[in-house]
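# Geometric and topological summary
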Amino acid sequence: MKIGTPKELYEGEARVGMTPDSAQALQKLGYDCILETGAGKAAGFSDDAYRAAGVTIVDSADALYAGSDIIAKVRPPETSEIDRLSSDKTLISFFYPAQNKDLLEQAKEKGADVIAMDMVPRISRAQKMDALSSMANIAGYRAVIEAGNNFGRFFTGQVTAAGKVPPAKVLVIGAGVAGLAAIGTATSLGAITYAFDVRPEVAEQIESMGAEFVYLDFADQQQDGAATGGYAAPSSPEFREKQLEKFRELAPQIDIVITTALIPGRDAPKLWLADMVA
């Protein structure tokens, strides 16, 4: 059986569905690996690195799809990519079927099998396949690094002969995988870090990482506990009003706000509004 990885079509996408290391692991399991030329370039892998790992390099996407039984890629497929599928092929990628119903119907018409990596259940047995969490971890880390680059001042406080520089104050809204990664990065850089989550049970995790949990004066905060799959449930309108009231109170003190609150398949809640930015 042949596993092929095409070049990602989404502009600016640097990831690739197969690395030389993963190709070697797949070959040990008895699979042949194929790659479209240049697919790994943005991720830092040359065609020669793949050839050294035993991967067959082909010149075009057409050749790759024609010669592969399984297509492994990162982004949801474009319409042109689904057109290349057939009933004897399997596509493995992020797919977001709830948001991409037309793509799903198109794949169904082709008779192809589709495995959506974003639908892997968040349970212990499936942790090795939890691609969403690994990406969220990177996103939380990168959010702090990007913010630090734009902030223009030290994260950590400094006392010098010329005077004092106060530490940055960072608020992380949402303490799932991305939020905890952001908290860890911000505290390690020396910032005074605050964090909020609708699930009061994560307060202990937040405080164990050196951040301060922002509590709400809301009698029924427990009603907003974790929903299935390790995600937070949508908040009630009353709870949201209390959130916004608390954030308006904090806004003048905070230098950097990182929002990671997101429920898959739904629009992100608007928690930091224009008047708070102002």
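Counting starts from 1 at the beginning of each chain's written sequence and moves along it residue by residue. For a predicted model such as this one, the threshold for reporting local features is a pLDDT of at least 70, and the threshold for listing and counting side-chain atom pairs is 80 or more; totals across whole chains, interfaces and linings nevertheless cover every residue. Hydrogens are left out, water is left out, and the side-chain values use all remaining heavy atoms of the structure.

## Quick notes on the sheet that holds strand β9 (residues 169-173)
Spelled out, the test is: For two strands to count as paired, DSSP must find a minimum of two bridges between them. Secondary structure elements follow DSSP: runs of H or I of four or more residues count as helices, runs of E of two or more count as strands, with numbering from the N terminus.
Sheet architecture is open: 4 strands sit in the order β11-β10-β9-β12, paired in parallel fashion. Of all the strands in the sheet, the pair left with one neighbour each is β11 (212-213) and β12 (256-259). Taken together, the 4 bridges between β9 and β12 define a ladder with parallel strand orientation. Bridge pairing links L171 to V257 in β12.

## Focus: unusual backbone geometry
Its identity is not glycine, yet Y96 carries a phi of approximately 50 degrees, on the positive side. Topologically, Y96 is positioned in the loop between β5 (90-93) and α5 (101-110).

## Quick notes on the side chain of D118
Here is the rule: Working definition: with a 1.4 Å probe on protein chains only, accessible area under 20% of the residue-type maximum means buried, over 50% means exposed, and in between means partly exposed. Counted as positive: Lys and Arg. Counted as negative: Asp and Glu, with His and the chain ends omitted from the count. Salt bridge, as used here: a side-chain nitrogen of Lys or Arg that lies within 4 Å of a carboxyl oxygen of Asp or Glu. What qualifies as a polar contact is a pair of N or O atoms within 3.5 Å, subject to a donor-acceptor requirement within protein and to the restriction that residues adjacent in sequence count only when both atoms come from side chains. Residue contacts are counted whenever heavy atoms from the two residues lie within 4.5 Å of one another.
Along the chain, the position of D118 falls in the loop between β6 (113-116) and α6 (131-151). Buried charged residue D118 carries no salt bridge. Nearest counter-charge: R15, at 10 Å. Of note is the side chain of D118, whose polar atom sits 2.6 Å from the backbone nitrogen of F95. Once you skip the residues sitting within four places of it in the chain, D118 turns out to touch S93, F94, F95, Y96, P97 and L132.

## Description of the pattern of salt bridges
Under the definition given, this model contains 13 salt bridges. Among the ionic pairs, R15 bridges to E13, the shortest N-O distance being 2.9 Å. Its salt-bridge partner being D130, residue R122 comes within 3.9 Å of it at the nearest N-O pair. According to the relative accessible area criterion, R122 is partly exposed, its value standing at 30%. For D130, a relative accessible area of 14% gives the class buried. What you see here is one network of salt bridges that share partners, running through E8, K73 and E81.

## Quick notes on the environment of F247
Looking at where F247 falls in the secondary structure, it is placed in helix α9 (residues 237-250). A sequence separation of 73 residues divides F247 from G174, and the C-alpha atoms of the two residues are 13 Å apart. Sequence-distant contacts of F247, that is, excluding residues within four places in its chain, are made with L171, I173, F196, L271, W272 and M276.

## Description of the packing of aromatic side chains
Stated precisely, the cut-off is as follows: Ring pairs are drawn from Phe, Tyr and Trp, using the six-membered ring of Trp, whenever the two centres fall within 6.5 Å, and their geometry is named by plane angle: stacked under 30 degrees, edge-to-face over 60, tilted for the rest. Put simply, a charge is over a ring when the Lys NZ or the Arg CZ is close to the ring centre, within 6 Å, and near the line of the ring normal, within 35 degrees.
Applying the stated rule across the entire model yields 7 aromatic pairs. Summarising the aromatic geometry, the rings of F151 and F155 are spaced 6.3 Å apart at their centres and angled 85 degrees between planes, so their arrangement reads as edge-to-face. By relative accessible area, F155 is classed as buried at 9%. A ring pair is formed by F247 and W272, whose centres lie 5.8 Å apart and whose planes are at 40 degrees; its orientation type is tilted. Here F247, found in helix α9, pairs with W272, found in the loop between β12 and α10 (274-277); they are 25 residues apart in sequence, far enough to count as distant. By way of ring pairs, the aromatic residues F196, F239, F247 and W272 are connected into one cluster. It is R75 that lies over the ring of Y10; its NZ or CZ is 3.8 Å from the centre.

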